[in-house]
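Chain by chain, the residues run as shown.
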Amino acid sequence: MTTSSDLAARYRRVLPSFLAPYYAEPIAIDHGEGSYVYDLDGGRYLDFFGGVLTTMIGHRHPAVTAAVQEQADKVLHTSTLYLSEPMIEFAEMVAEVSGIPDARVYFTPSGSEANDAALLFATSYRTSNQILAIRNSYHGRVFSTQAITSHSSWRSTSHSGLQVQFVHGGYRLRSPFRDLDDDAYTAACVDDLVQVLDMTSAGDVAAMIAEPIQGVGGFAAAPDGLFGAFGKELSNRGILFISDEVQTGWGRTGDHFWGYQAHDIVPDMLTFAKGVGNGITLAGIVARAEIMDTIDVLNFSTFGGNPLSAAAGAATLRTVLGEGLQANAKAMGEHFEAAMSPVAASTPWIAEMRGRGLMWAFEVCEPGTIEPDKSRTGEFHEACRRHGLLVGKGGLYGNVVRLAPMLNVSADEIDEGVAALRAAIADVA
Ligand code: PMP
């Protein structure tokens, strides 16, 4: 019988060294059910990471499984050369919830490709290769998106055909403006943006791209309204705003369906991926027709929106909307916050607990400082696993523990997760 340790050895032999499984003794997940996963060795874990926010409404969700099985039994792939009802229906659903007027939807297999498409549309529409992004950003692994990624641990090259400038704002804990109140912080970031535009660009910048909450960057967030304040400066100059909703979409933040809605701005484009297919490969971009239609030659994504992924997407979105999962994210997030914030506040090595809805992070630092403590973060992460809880890591210095429970998580499951976190914190202390 295959064991986790056999698979760990085979993983290391056949996959590239830049991939690294979590944990000193990696977990081989065999199957899942709701908020739980089961490993090959008989272990059961409460999954508060969902394979990086991608299993969004629980493992083996009956509606998604049924939709995928039904579609698999009909046809797996047709391409956009033919009329595919699942794809068209899902595109209509996404356009309707996007909040973008005259929306067009273009599907891609991954978030990186969705952002790459956004860059193609923005640079073509504006005939400019200048892009603004936010410090501490992550937008994907492909060549173009590496250029708009400022997170140094995740940026594998500086080569690019884009000219990119990074502005302040997304990561308050390590910002020079961190001691300012929300309004003053926002004003300082807007001043910085204006200076970057006036002093370091050729003026005709194509677009700004931003994650409403920085995912890989450790669930760091700007104050509500910051991107709206940026948007005023951008729209005065015709610069587009792209919201990367790969982690923040579909009600995850509880207060809003999209992360951008906390900022009093309607983006010109938004990109989505990860949880949209509840684990099936699916991503895409929504933009105003006028912007997308700039491309007047053929552009084609073989797997984008294929019937199987579109069926999974439609079943997932119907569940999110039909079962009020955004409201659940808000209620469960508040429940989690109430239970955990006193624990975080009394743990000297947790410099900050931050988040909203079902996105929560603990930034681990030397007690009483913001000096990152990567090794204690690793211990905390391992301790959570010992107590049966899967959580993620992230942050610029690898010193952030991230949690993203399923959008349909129950209060009992949150309580179980909180108990595991408390026990893990006690172990590490
Ligand atoms: N944007 C954001 C905000 C992400 O978090 C990610 C993935 N971590 C991506 C884009 C890239 O998505 P993918 O891994 O599907 O290419």
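About the cut-offs
Residues numbered from 1 in each chain as written. Predicted model: local features only at pLDDT ≥ 70, side-chain atom pairs only at ≥ 80, totals over all residues. Heavy atoms only, no water. 1 Å grid on protein atoms, 1.4 Å probe; cavity = no way out; pocket = protein on both sides within 12 Å on 5 of 7 lines; lining within 4 Å. Points joined across faces, edges and corners; volume = space filled by probe spheres on them. Nonpolar A, V, L, I, M, F, W, Y, C, P; charged D, E, K, R; others polar. Near = heavy atom within 4 Å. Polar contact = N/O pair within 3.5 Å; in protein donor to acceptor, adjacent residues only side chain to side chain. Areas by Shrake-Rupley, 256 points an atom, 1.4 Å probe, with all protein chains shown as cover. Helix = DSSP H or I, 4+ residues; strand = E, 2+ residues; numbered from the N terminus. Buried < 20%, exposed > 50% of the residue type's maximum accessible area, 1.4 Å probe, protein only. Pairing = 2+ DSSP bridges. Phe/Tyr/Trp six-rings, centres within 6.5 Å; stacked < 30°, edge-to-face > 60°. Lys NZ or Arg CZ within 6 Å of the ring centre and 35° of its normal. Domains from an automatic or database assignment. Contact = heavy atoms within 4.5 Å. Buried area = accessible area lost by both parts, 1.4 Å probe. Disulfide = S-S within 2.5 Å. Expected span 1.5 Å × (residues − 1). Bend = angle between axes of the 7 residues up to and from the residue.

As for the layout of surface pockets
At step 1: Empty space within the second largest pocket amounts to approximately 470 Å³.
At step 2: Around the second largest pocket sit 21 residues that line it, and Thr80, Val105, Tyr106, Phe107 and Met292 are the ones nearest its centre.
At step 3: Here the lining of the second largest pocket is composed, by residue class, of 14 nonpolar, 4 polar and 3 charged.

Here's the deal with the site of the ligand
At step 1: In the neighbourhood of the ligand, 13 residues make up the surrounding shell, with Gly111, Ser112, Asp244, Gln247 and Lys274 lying closest.
At step 2: Contact distances for the ligand include 2.9 Å between an oxygen atom and a backbone N or O atom of Gly111.
At step 3: The contact in question runs from a nitrogen atom of the ligand to an N or O atom on the side chain of Asp244, over 2.7 Å.
At step 4: Protein contact buries 85% of the 400 Å² of open area that the ligand shows by itself.
At step 5: Looking at the shell around the ligand element by element, the count peaks at 3 residues for helix α5 (residues 111–126).
At step 6: Each residue belonging to the shell around the ligand can be placed in one class, and the counts come to 3 nonpolar, 7 polar and 3 charged.

Some details on the pairing of strand β17 (residues 400–403)
Remark: a regular strand shows side chains that alternate across the two faces of the sheet.
At step 1: Residue alternation in β17 divides its side chains into two sets, Val400 and Arg402 and Val401 and Leu403, and both sets are buried.
At step 2: In this structure, strand β14 (residues 359–364) lies alongside β17, joined through 4 bridges in antiparallel fashion. Within β17, the residue paired with Glu363 across the bridge is Val400.
At step 3: For strand β16 (residues 392–394) and β17, the ladder comprises 3 bridges, and the chain directions are antiparallel.

Structural notes on the packing of aromatic side chains
At step 1: What the rule picks out here adds up to 17 aromatic pairs.
At step 2: Geometrically, the ring pair formed by Phe177 and Tyr185 is edge-to-face, given 6.4 Å between the ring centres and 80° between the ring planes. Of the two residues, Phe177 and Tyr185, neither departs from the other in class, the shared state being buried.
At step 3: One Lys or Arg, Arg44, reaches over the ring of Tyr36 and ends 3.9 Å from the middle of that ring.

Regarding the domain arrangement of the chain
At step 1: Domain parsing of the chain yields domain 1 (4–61 + 324–428) and domain 2 (65–322).
At step 2: A separation of 25 Å is found between the C-alpha centroids of domain 1 and domain 2.
At step 3: Listed by partner, the interface residues are 37 residues for domain 1 and 38 residues for domain 2.
At step 4: For the pairing of domain 1 and domain 2, the buried interface totals around 3200 Å² over both sides, and the portion due to carbon and sulfur atoms is 54%.
At step 5: Of all residues in domain 1, the largest losses of buried area upon contact with domain 2 belong to Arg356, Met359 and Leu396, amounting jointly to 23% of the total for that side.
At step 6: Where domain 1 meets domain 2, there are 28 residue pairs in polar contact (both at pLDDT 80 or more).
At step 7: Secondary structure elements with two or more residues in the side of domain 1 that touches domain 2: α2 (50–53), α11 (325–345), β13 (350–356), β14 and β17.
At step 8: Broken down by class, the residue content of the side of domain 1 that touches domain 2 amounts to 20 nonpolar, 10 polar and 7 charged.

A look at the state of the cysteines
At step 1: The final tally for this structure, using the stated rule, is 0 disulfides.
At step 2: We note that Cys189 lacks a disulfide partner, and the nearest cysteine sulfur, in Cys365, lies 20 Å from it.
At step 3: According to the relative accessible area criterion, Cys189 is buried, its value standing at 0%.
At step 4: The class for Cys365 is buried, based on a relative accessible area of 0%.

Some points on α11
At step 1: Helix length check: α11 (21 residues) gives 29 Å between terminal C-alpha atoms against 30 Å at 1.5 Å per residue, within 8%.
At step 2: The largest bend in α11 amounts to roughly 30° and is located at Ala339, with the proline Pro342 lying one to four residues further along.
At step 3: Along α11, the residues that are buried comprise Leu325, Asn328, Ala329, Met332, Gly333, Phe336, Met340, Val343 and Ala344.
At step 4: Looking at the packing, one finds that the buried side of α11 touches α10 (307–322), β13, β14, β17 and α13 (411–428).

Here we look at helix α7 (residues 182–200)
At step 1: The terminal C-alpha atoms of α7, which comprises 19 residues, lie 26 Å apart, in line with the 27 Å expected from a rise of 1.5 Å per residue.
At step 2: Where the residues of α7 are buried, they touch β5 (130–134), β6 (163–167), β7 (207–210) and α8 (226–236).
At step 3: The backbone nitrogen of Asp183 has a side-chain oxygen 3.2 Å away, supplied by the residue at the start of α7, namely Asp181.

Examining empty space enclosed by the protein
At step 1: Considering all chains together, one arrives at 3 cavities of 30 Å³ or more under this definition.
At step 2: Quantified by volume, the largest cavity comes out at close to 50 Å³.
At step 3: Residues belonging to the lining of the largest cavity are distributed by class as follows: 5 nonpolar, 3 polar and 2 charged.
At step 4: For the second largest cavity, the calculated volume is near 40 Å³.
At step 5: As for the second largest cavity, its lining consists of Leu53, Met56, Val246, Gln247, Gly249, Trp250, Arg252, Lys274 and Gly275.
At step 6: A class-by-class count of the residues in the lining of the second largest cavity yields 4 nonpolar, 3 polar and 2 charged.

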